[in-house]
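# Examination of the molecular architecture
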Amino acid sequence: MELDKSLVSGSMSMLVLKLLEDGDKYGYQMIEELQRRSDDTFHLKAGTLYPLLHSLEEKGLVSAYERESDSGKPRRYYRLNRQGKAALKEKESAWEQYTQAVRQVLKGGGRYAGI
């Protein structure tokens, strides 16, 4: 079953910030890591990732720098900064609240069930 893209789009910035939480990464590395961590569920394309990274950079959540790769060609790496860490915590908290509410609805319950 293919994942509904509308479910993914709203959470992608949180997922990218989470990937950067454990260290600096370049774009293709993030694409591969997201695919690996999601057990091949998320297939992020470069055309989606780079505009998202630029947006996160403009918002001051990540910073970018270039470093040469083994092949000698420079790669652009992204780093999560202090504001990005704070935003990630907020997004994770909101996500937990949202998924808990969805789970409650799907199970037919909630605080006011049976009233």
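We now turn to the structure provided with this report. (Residues numbered from 1 in each chain as written. Predicted model: local features only at pLDDT ≥ 70, side-chain atom pairs only at ≥ 80, totals over all residues. Heavy atoms only, no water.)

## Examining helix 2 (residues 12–21)
Counted residue by residue, helix 2 has 7 buried out of 10 residues, so it is predominantly covered. All of the buried residues in helix 2 are Met12, Ser13, Met14, Val16, Leu17, Leu19 and Leu20. Looking one or two places after helix 2, you find Gly23, whose phi comes out positive at around 145°. (Buried < 20%, exposed > 50% of the residue type's maximum accessible area, 1.4 Å probe, protein only. Helix = DSSP H or I, 4+ residues; strand = E, 2+ residues; numbered from the N terminus.)

## Some remarks on the packing of helix 3 (residues 27–37) against helix 4 (residues 46–58)
Two elements in contact, helix 3 and helix 4, have axes whose closest approach is 10 Å; the angle formed by their N-to-C orientations is 115°. Between helix 3 and helix 4 lies a crossing of right-handed hand. Contacts between helix 3 and helix 4 involve Gly27, Tyr28, Met30 and Ile31 from the first element and Ala46, Leu49, Tyr50 and Leu53 from the second. Grouping the amino acids of the contact of helix 3 with helix 4 by side-chain chemistry returns 7 nonpolar, 1 polar and no charged. (Axes fitted to C-alpha atoms, helices over the stretch in contact; angles between N-to-C directions. Left-handed = near helix turned anticlockwise from the far one by under 90°. Contact = heavy atoms within 4.5 Å. Nonpolar A, V, L, I, M, F, W, Y, C, P; charged D, E, K, R; others polar.)

## Remarks on the pattern of salt bridges
Taken as a whole and assessed by the stated rule, the structure comprises 8 salt bridges. Linked by salt bridges that have partners in common, Asp22, Lys25, Glu33, Arg36 and Arg37 make up one network. (Salt bridge = Lys/Arg side-chain N within 4 Å of Asp/Glu carboxyl O.)

## What to know about the sheet that holds strand 2 (residues 62–68)
Adjacent strands of a sheet form backbone hydrogen bonds with each other and so pair up, either parallel or antiparallel. Spatially, 1-3-2 is the arrangement adopted by the 3 strands of the open sheet, whose pairing is antiparallel. Looking along the sheet, the strands with just one partner apiece sit at the ends: strand 1 (25–26) and strand 2. Pairing of strand 2 with strand 3 (residues 74–80), which is carried by 7 bridges, proceeds in the antiparallel orientation. Residue pairing across strands places Tyr65 opposite Tyr77, the latter belonging to strand 3. Against the sheet, helix 4 contacts strand 2 and strand 3, and its axis sits at roughly 50° relative to strand 3. (Pairing = 2+ DSSP bridges.)

## Examining the environment of Gln83
By the secondary structure assignment, Gln83 is in helix 5 (residues 82–106). Taking the C-alpha atoms as reference points, Gln83 and Gly60, separated by 23 residues in sequence, lie 6.8 Å from one another. Contact partners of Gln83, with chain neighbours within four places excluded, come to Gly60 and Leu61.

## Quick notes on the nonpolar core
Considering soluble globular proteins, one finds that nonpolar side chains tend to be buried as a cluster. In terms of nonpolar packing, the biggest core is built from 21 residues, with Val16 and Met30 touching the most fellow members. Where this core is concerned, the elements lending two or more residues are helix 2, helix 3, helix 4, strand 3 and helix 5. The biggest single contributor to this core is helix 2, with 6 residues. Among residues more than four places away in sequence, those in contact with Met30 are Val16, Leu19, Leu20, Lys25, Leu49, Leu53 and Tyr78. (Core = buried A, V, L, I, M, F, W, Y, C linked by side-chain atoms within 4.5 Å.)

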